[in-house]
Amino acid sequence: MAAAVSRTLLARSMPWIGIGLVSLAMGGCGSSLRQRLGLEPEAKAPATLPEVSDGPRSAPLQPGRNVIVQAVERVGPSVVRIDTVKRVSNPLGNLFGGGPTTQKQAGQGSGFITRSDGLIFTNAHVVEGADKVAVTLPDGRSFNGRVLGGDPLTDVAVVRVVAEKLPIAPLGNSNNLKPGEWAIAIGNPLGLNNTVTAGIISAVDRTNAVGEGQRVPYIQTDAAVNPGNSGGPLINAAGQVIGINTAIRQAPGAGLSFAIPINLAERIAQQIISTGQASHPFIGVRLQSLTPQLAKEINATSNLCTVPELNGVLVIEVVEDSPAAKAGIKPCDLIRDVNGSAVNDPSEVQLAVDRGQVGQAMPLIVERGGEQQTLEVVPEELPRRG
(Lines give C-alpha, C1' and ligand atoms only; values in the text may rest on other atoms or scores of the structure.)
Protein backbone atom coordinates (compact mmCIF):
# COMPACT_ATOMS: atom_id res chain seq x y z
CA MET A 1 0.00 0.00 0.00
CA ALA A 2 2.83 2.40 0.93
CA ALA A 3 4.58 1.66 -2.34
CA ALA A 4 1.37 2.40 -4.30
CA VAL A 5 0.85 5.70 -2.49
CA SER A 6 4.48 6.70 -3.19
CA ARG A 7 4.06 5.93 -6.86
CA THR A 8 0.84 8.01 -6.97
CA LEU A 9 2.48 11.00 -5.34
CA LEU A 10 5.44 10.70 -7.67
CA ALA A 11 3.17 10.57 -10.71
CA ARG A 12 1.26 13.65 -9.55
CA SER A 13 4.44 15.61 -8.91
CA MET A 14 6.04 14.87 -12.26
CA PRO A 15 4.05 17.50 -14.29
CA TRP A 16 4.94 20.23 -11.82
CA ILE A 17 8.61 19.33 -12.05
CA GLY A 18 8.38 19.58 -15.84
CA ILE A 19 6.63 22.92 -15.72
CA GLY A 20 9.23 24.33 -13.39
CA LEU A 21 12.01 23.26 -15.76
CA VAL A 22 10.22 24.87 -18.71
CA SER A 23 9.60 28.08 -16.75
CA LEU A 24 13.27 28.38 -15.84
CA ALA A 25 14.26 27.74 -19.40
CA MET A 26 11.97 30.52 -20.69
CA GLY A 27 13.27 33.07 -18.23
CA GLY A 28 16.90 32.20 -18.55
CA CYS A 29 17.90 34.62 -21.40
CA GLY A 30 19.96 37.29 -19.63
CA SER A 31 18.69 38.81 -16.36
CA SER A 32 15.13 38.39 -15.10
CA LEU A 33 12.44 41.05 -15.66
CA ARG A 34 12.56 42.12 -11.99
CA GLN A 35 16.30 42.59 -12.27
CA ARG A 36 15.96 44.64 -15.48
CA LEU A 37 13.43 46.88 -13.74
CA GLY A 38 15.85 47.40 -10.84
CA LEU A 39 13.64 45.58 -8.35
CA GLU A 40 16.27 42.92 -7.61
CA PRO A 41 20.04 43.10 -7.53
CA GLU A 42 21.82 41.34 -10.32
CA ALA A 43 22.78 37.77 -9.32
CA LYS A 44 26.46 37.05 -9.01
CA ALA A 45 28.01 34.20 -10.95
CA PRO A 46 28.42 31.11 -8.71
CA ALA A 47 31.92 30.38 -7.48
CA THR A 48 33.73 27.44 -9.07
CA LEU A 49 33.12 24.29 -7.03
CA PRO A 50 36.12 22.25 -5.90
CA GLU A 51 36.78 18.95 -7.63
CA VAL A 52 36.25 15.93 -5.45
CA SER A 53 37.73 13.45 -7.89
CA ASP A 54 40.42 13.68 -10.50
CA GLY A 55 40.05 10.13 -11.77
CA PRO A 56 39.21 9.51 -15.43
CA ARG A 57 35.65 8.83 -16.38
CA SER A 58 35.21 5.12 -17.08
CA ALA A 59 32.55 3.33 -19.04
CA PRO A 60 29.92 1.56 -16.93
CA LEU A 61 30.32 -2.15 -16.38
CA GLN A 62 28.38 -4.22 -18.83
CA PRO A 63 25.90 -6.67 -17.31
CA GLY A 64 27.08 -10.29 -17.57
CA ARG A 65 26.46 -13.81 -16.32
CA ASN A 66 26.96 -14.33 -12.61
CA VAL A 67 29.79 -16.83 -12.00
CA ILE A 68 27.81 -18.55 -9.26
CA VAL A 69 24.86 -19.02 -11.59
CA GLN A 70 27.11 -20.50 -14.25
CA ALA A 71 28.81 -22.83 -11.78
CA VAL A 72 25.48 -24.05 -10.40
CA GLU A 73 24.08 -24.62 -13.88
CA ARG A 74 27.09 -26.77 -14.66
CA VAL A 75 27.05 -28.95 -11.53
CA GLY A 76 23.45 -28.69 -10.30
CA PRO A 77 21.89 -31.36 -12.56
CA SER A 78 24.27 -33.99 -11.12
CA VAL A 79 23.49 -33.31 -7.44
CA VAL A 80 21.17 -35.97 -6.03
CA ARG A 81 19.04 -36.51 -2.96
CA ILE A 82 19.78 -39.72 -1.07
CA ASP A 83 17.00 -41.22 1.06
CA THR A 84 17.85 -44.14 3.32
CA VAL A 85 15.99 -46.60 5.47
CA LYS A 86 17.75 -48.62 8.15
CA ARG A 87 16.58 -51.02 10.81
CA VAL A 88 17.47 -50.07 14.36
CA SER A 89 16.80 -51.86 17.63
CA ASN A 90 13.77 -50.79 19.60
CA PRO A 91 14.66 -50.88 23.33
CA LEU A 92 10.95 -50.81 24.27
CA GLY A 93 9.95 -53.58 21.90
CA ASN A 94 9.85 -56.38 24.46
CA LEU A 95 8.24 -54.37 27.24
CA PHE A 96 4.62 -55.09 28.15
CA GLY A 97 4.36 -57.52 25.24
CA GLY A 98 4.44 -54.51 22.97
CA GLY A 99 5.82 -53.63 19.55
CA PRO A 100 8.59 -55.09 17.42
CA THR A 101 12.18 -55.38 18.60
CA THR A 102 13.35 -53.42 15.56
CA GLN A 103 11.97 -50.38 13.82
CA LYS A 104 12.69 -48.49 10.62
CA GLN A 105 14.57 -45.22 10.68
CA ALA A 106 14.58 -42.85 7.72
CA GLY A 107 17.46 -40.57 6.82
CA GLN A 108 18.34 -38.12 4.08
CA GLY A 109 21.45 -36.60 2.62
CA SER A 110 23.02 -35.49 -0.64
CA GLY A 111 25.48 -36.78 -3.19
CA PHE A 112 26.74 -36.09 -6.69
CA ILE A 113 27.25 -38.17 -9.82
CA THR A 114 30.84 -38.58 -10.96
CA ARG A 115 30.34 -41.07 -13.78
CA SER A 116 27.58 -41.13 -16.36
CA ASP A 117 26.95 -44.84 -15.72
CA GLY A 118 25.77 -44.17 -12.16
CA LEU A 119 28.73 -43.72 -9.76
CA ILE A 120 27.91 -41.36 -6.88
CA PHE A 121 30.03 -39.83 -4.11
CA THR A 122 28.49 -39.11 -0.72
CA ASN A 123 29.32 -39.28 3.01
CA ALA A 124 29.78 -42.57 4.79
CA HIS A 125 27.55 -41.39 7.64
CA VAL A 126 24.70 -40.76 5.17
CA VAL A 127 24.50 -44.40 4.04
CA GLU A 128 25.99 -46.21 7.04
CA GLY A 129 23.90 -49.25 7.98
CA ALA A 130 21.25 -48.48 5.36
CA ASP A 131 19.05 -51.35 4.21
CA LYS A 132 17.55 -49.31 1.41
CA VAL A 133 19.02 -46.41 -0.56
CA ALA A 134 16.98 -44.31 -2.99
CA VAL A 135 18.66 -41.79 -5.29
CA THR A 136 16.62 -38.95 -6.81
CA LEU A 137 17.89 -36.59 -9.50
CA PRO A 138 16.80 -32.95 -9.84
CA ASP A 139 14.85 -33.88 -12.99
CA GLY A 140 12.66 -36.22 -10.92
CA ARG A 141 14.15 -39.55 -11.94
CA SER A 142 14.64 -41.99 -9.08
CA PHE A 143 16.81 -45.10 -8.77
CA ASN A 144 17.59 -47.76 -6.23
CA GLY A 145 21.16 -47.37 -5.03
CA ARG A 146 23.72 -49.93 -3.89
CA VAL A 147 26.43 -48.94 -1.42
CA LEU A 148 29.79 -50.11 -2.76
CA GLY A 149 31.52 -49.17 0.49
CA GLY A 150 32.25 -46.44 2.96
CA ASP A 151 35.22 -45.27 5.00
CA PRO A 152 34.32 -43.99 8.49
CA LEU A 153 37.77 -42.42 8.99
CA THR A 154 37.40 -39.99 6.10
CA ASP A 155 33.57 -40.14 5.85
CA VAL A 156 33.66 -40.96 2.12
CA ALA A 157 31.25 -43.47 0.56
CA VAL A 158 30.45 -44.61 -2.96
CA VAL A 159 26.95 -45.52 -4.20
CA ARG A 160 26.06 -47.10 -7.52
CA VAL A 161 22.82 -46.93 -9.51
CA VAL A 162 21.99 -48.78 -12.72
CA ALA A 163 21.64 -46.05 -15.34
CA GLU A 164 23.26 -44.54 -18.40
CA LYS A 165 24.01 -41.06 -19.73
CA LEU A 166 23.51 -39.35 -16.39
CA PRO A 167 24.73 -35.76 -15.86
CA ILE A 168 28.09 -35.67 -14.12
CA ALA A 169 29.86 -33.20 -11.83
CA PRO A 170 33.35 -32.29 -13.07
CA LEU A 171 36.03 -32.85 -10.42
CA GLY A 172 38.52 -30.10 -9.69
CA ASN A 173 41.86 -29.96 -7.87
CA SER A 174 41.79 -29.31 -4.13
CA ASN A 175 45.56 -29.23 -3.63
CA ASN A 176 46.06 -25.53 -4.35
CA LEU A 177 43.01 -23.91 -2.77
CA LYS A 178 43.47 -20.50 -1.16
CA PRO A 179 41.41 -18.71 1.51
CA GLY A 180 39.17 -16.11 -0.12
CA GLU A 181 38.15 -18.21 -3.14
CA TRP A 182 34.48 -18.77 -3.87
CA ALA A 183 32.88 -21.77 -2.16
CA ILE A 184 29.43 -22.85 -3.39
CA ALA A 185 27.44 -25.61 -1.72
CA ILE A 186 24.60 -27.51 -3.37
CA GLY A 187 22.42 -30.04 -1.60
CA ASN A 188 19.17 -30.81 0.15
CA PRO A 189 19.36 -29.14 3.57
CA LEU A 190 16.44 -29.63 5.93
CA GLY A 191 14.55 -31.47 3.18
CA LEU A 192 14.67 -28.47 0.81
CA ASN A 193 15.84 -29.94 -2.50
CA ASN A 194 18.36 -28.29 -4.80
CA THR A 195 19.36 -25.53 -2.40
CA VAL A 196 22.35 -23.35 -3.30
CA THR A 197 24.40 -21.40 -0.75
CA ALA A 198 27.64 -19.53 -1.28
CA GLY A 199 30.52 -18.10 0.68
CA ILE A 200 34.27 -18.21 0.60
CA ILE A 201 36.96 -20.65 1.60
CA SER A 202 37.85 -19.52 5.12
CA ALA A 203 40.81 -21.84 5.67
CA VAL A 204 42.41 -25.01 4.35
CA ASP A 205 44.11 -28.00 5.99
CA ARG A 206 41.94 -27.88 9.12
CA THR A 207 42.96 -31.12 10.84
CA ASN A 208 41.33 -30.28 14.18
CA ALA A 209 37.93 -29.27 12.80
CA VAL A 210 35.96 -32.24 14.17
CA GLY A 211 38.34 -33.58 16.81
CA GLU A 212 41.99 -34.43 17.19
CA GLY A 213 43.82 -37.13 15.28
CA GLN A 214 41.94 -36.61 12.04
CA ARG A 215 43.17 -38.03 8.74
CA VAL A 216 41.43 -35.31 6.73
CA PRO A 217 42.80 -31.80 6.01
CA TYR A 218 39.34 -30.22 5.85
CA ILE A 219 38.34 -27.23 3.74
CA GLN A 220 36.68 -24.65 6.00
CA THR A 221 34.04 -22.36 4.51
CA ASP A 222 31.42 -19.88 5.68
CA ALA A 223 28.83 -21.13 3.17
CA ALA A 224 25.58 -22.02 4.93
CA VAL A 225 25.44 -25.81 5.34
CA ASN A 226 22.75 -27.64 7.31
CA PRO A 227 21.66 -31.23 8.01
CA GLY A 228 20.82 -32.76 4.64
CA ASN A 229 23.75 -31.05 2.90
CA SER A 230 25.98 -33.94 3.98
CA GLY A 231 27.53 -35.65 0.97
CA GLY A 232 26.76 -32.81 -1.42
CA PRO A 233 29.44 -31.04 -3.44
CA LEU A 234 31.40 -27.94 -2.59
CA ILE A 235 32.24 -26.28 -5.90
CA ASN A 236 34.42 -23.42 -7.08
CA ALA A 237 33.65 -20.53 -9.43
CA ALA A 238 34.72 -22.64 -12.40
CA GLY A 239 31.96 -25.16 -11.74
CA GLN A 240 34.26 -27.90 -10.45
CA VAL A 241 33.81 -30.01 -7.33
CA ILE A 242 36.55 -29.24 -4.83
CA GLY A 243 35.12 -31.01 -1.78
CA ILE A 244 32.36 -33.06 -0.16
CA ASN A 245 30.39 -31.22 2.55
CA THR A 246 30.57 -33.30 5.70
CA ALA A 247 30.44 -31.39 9.00
CA ILE A 248 29.29 -28.16 10.60
CA ARG A 249 30.14 -26.23 13.74
CA GLN A 250 27.49 -23.84 14.91
CA ALA A 251 27.69 -20.88 17.27
CA PRO A 252 25.23 -18.08 18.14
CA GLY A 253 24.91 -15.85 15.09
CA ALA A 254 27.39 -17.77 12.99
CA GLY A 255 28.45 -21.15 11.72
CA LEU A 256 31.26 -22.86 9.89
CA SER A 257 31.20 -25.82 7.56
CA PHE A 258 33.86 -28.31 6.59
CA ALA A 259 34.40 -30.32 3.43
CA ILE A 260 36.58 -33.29 2.52
CA PRO A 261 39.05 -32.24 -0.20
CA ILE A 262 38.05 -33.86 -3.47
CA ASN A 263 41.58 -35.18 -4.18
CA LEU A 264 41.45 -37.20 -0.95
CA ALA A 265 37.87 -38.31 -1.62
CA GLU A 266 38.83 -39.45 -5.11
CA ARG A 267 41.71 -41.54 -3.76
CA ILE A 268 39.52 -43.17 -1.11
CA ALA A 269 36.76 -43.82 -3.67
CA GLN A 270 39.21 -45.55 -6.00
CA GLN A 271 40.22 -47.90 -3.19
CA ILE A 272 36.60 -48.61 -2.29
CA ILE A 273 35.72 -49.41 -5.91
CA SER A 274 38.79 -51.64 -6.29
CA THR A 275 38.74 -53.56 -3.01
CA GLY A 276 35.51 -52.65 -1.22
CA GLN A 277 37.29 -50.70 1.50
CA ALA A 278 39.79 -47.90 2.05
CA SER A 279 43.40 -48.51 3.03
CA HIS A 280 45.09 -46.49 5.78
CA PRO A 281 48.79 -46.90 6.60
CA PHE A 282 49.69 -47.40 10.27
CA ILE A 283 53.12 -47.05 11.91
CA GLY A 284 52.24 -47.26 15.63
CA VAL A 285 53.37 -44.16 17.50
CA ARG A 286 51.72 -41.75 19.91
CA LEU A 287 52.81 -38.16 19.42
CA GLN A 288 52.80 -34.87 21.31
CA SER A 289 53.29 -31.32 20.11
CA LEU A 290 56.49 -30.05 21.69
CA THR A 291 56.94 -26.43 22.74
CA PRO A 292 59.87 -24.76 24.50
CA GLN A 293 57.83 -24.53 27.72
CA LEU A 294 56.83 -28.21 27.59
CA ALA A 295 60.45 -29.16 26.87
CA LYS A 296 61.58 -27.29 30.02
CA GLU A 297 58.99 -29.17 32.10
CA ILE A 298 60.04 -32.53 30.65
CA ASN A 299 63.71 -31.85 31.23
CA ALA A 300 63.04 -30.69 34.80
CA THR A 301 60.78 -33.58 35.86
CA SER A 302 61.77 -36.63 33.80
CA ASN A 303 64.86 -38.80 33.86
CA LEU A 304 63.88 -40.71 30.71
CA CYS A 305 65.20 -38.21 28.21
CA THR A 306 66.36 -34.68 27.55
CA VAL A 307 64.65 -32.85 24.71
CA PRO A 308 65.61 -29.61 22.95
CA GLU A 309 63.63 -26.52 23.90
CA LEU A 310 61.90 -25.86 20.58
CA ASN A 311 58.71 -26.50 18.62
CA GLY A 312 58.36 -29.95 17.08
CA VAL A 313 56.76 -33.39 17.20
CA LEU A 314 57.76 -35.61 20.11
CA VAL A 315 57.30 -39.40 20.20
CA ILE A 316 55.91 -40.29 23.62
CA GLU A 317 54.98 -43.93 22.99
CA VAL A 318 55.82 -46.66 20.46
CA VAL A 319 53.41 -49.58 20.08
CA GLU A 320 55.09 -52.91 20.71
CA ASP A 321 55.89 -54.91 17.56
CA SER A 322 54.57 -52.07 15.38
CA PRO A 323 56.24 -50.82 12.16
CA ALA A 324 57.71 -47.92 14.16
CA ALA A 325 59.20 -50.29 16.74
CA LYS A 326 60.66 -52.50 14.00
CA ALA A 327 62.22 -49.42 12.37
CA GLY A 328 63.95 -48.39 15.60
CA ILE A 329 61.85 -45.35 16.53
CA LYS A 330 62.00 -44.69 20.29
CA PRO A 331 60.18 -42.52 22.80
CA CYS A 332 61.72 -39.03 23.09
CA ASP A 333 62.61 -38.98 19.38
CA LEU A 334 61.71 -35.79 17.53
CA ILE A 335 60.18 -36.46 14.10
CA ARG A 336 61.43 -33.88 11.62
CA ASP A 337 60.43 -35.26 8.22
CA VAL A 338 58.09 -37.98 6.92
CA ASN A 339 58.45 -39.33 3.42
CA GLY A 340 60.09 -36.12 2.19
CA SER A 341 57.67 -33.72 3.90
CA ALA A 342 58.83 -31.55 6.81
CA VAL A 343 56.45 -31.85 9.78
CA ASN A 344 55.79 -29.43 12.64
CA ASP A 345 52.87 -31.00 14.50
CA PRO A 346 51.28 -34.45 15.02
CA SER A 347 48.54 -33.79 12.46
CA GLU A 348 51.11 -33.22 9.73
CA VAL A 349 52.77 -36.52 10.64
CA GLN A 350 49.40 -38.27 10.46
CA LEU A 351 48.60 -36.81 7.04
CA ALA A 352 52.06 -37.58 5.68
CA VAL A 353 51.82 -41.21 6.82
CA ASP A 354 48.33 -41.52 5.36
CA ARG A 355 49.61 -40.39 1.96
CA GLY A 356 51.96 -43.37 1.93
CA GLN A 357 51.14 -46.95 0.99
CA VAL A 358 50.84 -50.07 3.07
CA GLY A 359 53.91 -52.26 2.61
CA GLN A 360 55.99 -49.54 0.94
CA ALA A 361 59.07 -48.25 2.80
CA MET A 362 58.73 -44.71 4.12
CA PRO A 363 61.78 -42.69 5.25
CA LEU A 364 61.51 -40.76 8.53
CA ILE A 365 64.09 -38.26 9.76
CA VAL A 366 64.25 -38.16 13.54
CA GLU A 367 66.37 -36.18 15.97
CA ARG A 368 67.81 -38.10 18.88
CA GLY A 369 70.36 -36.76 21.35
CA GLY A 370 70.93 -33.67 19.21
CA GLU A 371 71.73 -35.68 16.07
CA GLN A 372 69.51 -36.44 13.08
CA GLN A 373 69.20 -39.88 11.55
CA THR A 374 67.06 -41.43 8.84
CA LEU A 375 64.97 -44.52 9.60
CA GLU A 376 62.87 -46.57 7.19
CA VAL A 377 59.39 -47.54 8.31
CA VAL A 378 57.22 -50.01 6.40
CA PRO A 379 53.58 -49.11 7.22
CA GLU A 380 51.03 -51.83 7.89
CA GLU A 381 47.28 -51.73 7.42
CA LEU A 382 45.53 -49.80 10.18
CA PRO A 383 43.83 -52.30 12.52
CA ARG A 384 40.07 -52.14 12.09
CA ARG A 385 37.62 -52.19 14.95
CA GLY A 386 35.63 -55.40 15.19
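Residues numbered from 1 in each chain as written. Predicted model: local features only at pLDDT ≥ 70, side-chain atom pairs only at ≥ 80, totals over all residues. Heavy atoms only, no water.

1. Examining the environment of isoleucine 262
So, point 1. Here isoleucine 262 lies in helix α5 (residues 262–275).
So, point 2. The exposure class of isoleucine 262 is buried, given its relative accessible area of 0%.
So, point 3. Separated by 22 residues in sequence, isoleucine 262 and glutamine 240 place their C-alpha atoms 9.9 Å apart.
So, point 4. Excluding anything up to four places from it in sequence, isoleucine 262 contacts Phe112, Phe121, Leu171, Gly172, Ser174, Val241, Ile242, Gly243 and Ile244. (Helix = DSSP H or I, 4+ residues; strand = E, 2+ residues; numbered from the N terminus. Buried < 20%, exposed > 50% of the residue type's maximum accessible area, 1.4 Å probe, protein only. Contact = heavy atoms within 4.5 Å.)

2. Here's the deal with the pairing of strand β8 (residues 195–206)
So, point 1. The pairing of strand β7 (residues 182–187) with β8 spans six bridges and is classified as antiparallel. Pairing of isoleucine 184 across the sheet is with alanine 198, part of β8.
So, point 2. One ladder, built from three bridges, connects β8 with strand β9 (residues 218–221); its direction is antiparallel. Among the inter-strand pairings, alanine 203 is bridged to a residue of β9, identified as glutamine 220. (Pairing = 2+ DSSP bridges.)

3. A word on the state of the cysteines
So, point 1. Under the defined criterion, the tally for this structure stands at one disulfide.
So, point 2. A sulfur-sulfur separation of 2.0 Å characterises the disulfide bridge that pairs cysteine 305 with cysteine 332. Negative torsions about the S-S bond denote left-handed disulfides, and the value of about -70° found for cysteine 305 with cysteine 332 makes this one left-handed. In this pair, cysteine 305 is assigned in the loop between α6 (292–301) and β15 (312–318) and cysteine 332 in the loop between α7 (323–327) and β16 (334–338), connecting sequence segments 27 residues apart.
So, point 3. A relative accessible area of 16% places cysteine 305 in the buried class.
So, point 4. With relative accessibility at 22%, the residue cysteine 332 sits in the partly exposed group. (Disulfide = S-S within 2.5 Å.)

4. Structural notes on unusual backbone geometry
So, point 1. Phi at leucine 190 is positive, roughly 55°, even though this residue is not glycine.
So, point 2. Within the chain, asparagine 194 stands out as a residue other than glycine whose phi angle is a positive 55°.
So, point 3. Positionally, asparagine 194 belongs in the loop between β7 and β8.

5. Re the side chain of threonine 122
So, point 1. Within the element layout of this structure, threonine 122 appears in strand β3 (residues 119–123).
So, point 2. Separated by 2.7 Å, the side chain of threonine 122 and the backbone oxygen of serine 110 make a polar contact.
So, point 3. For threonine 122, the contacting residues outside a window of four places in its chain are Ile82, Ser110, Gly111, Val127, Asp155, Val156, Ala157, Val159, Ser230, Gly231 and Ile244. (Polar contact = N/O pair within 3.5 Å; in protein donor to acceptor, adjacent residues only side chain to side chain.)

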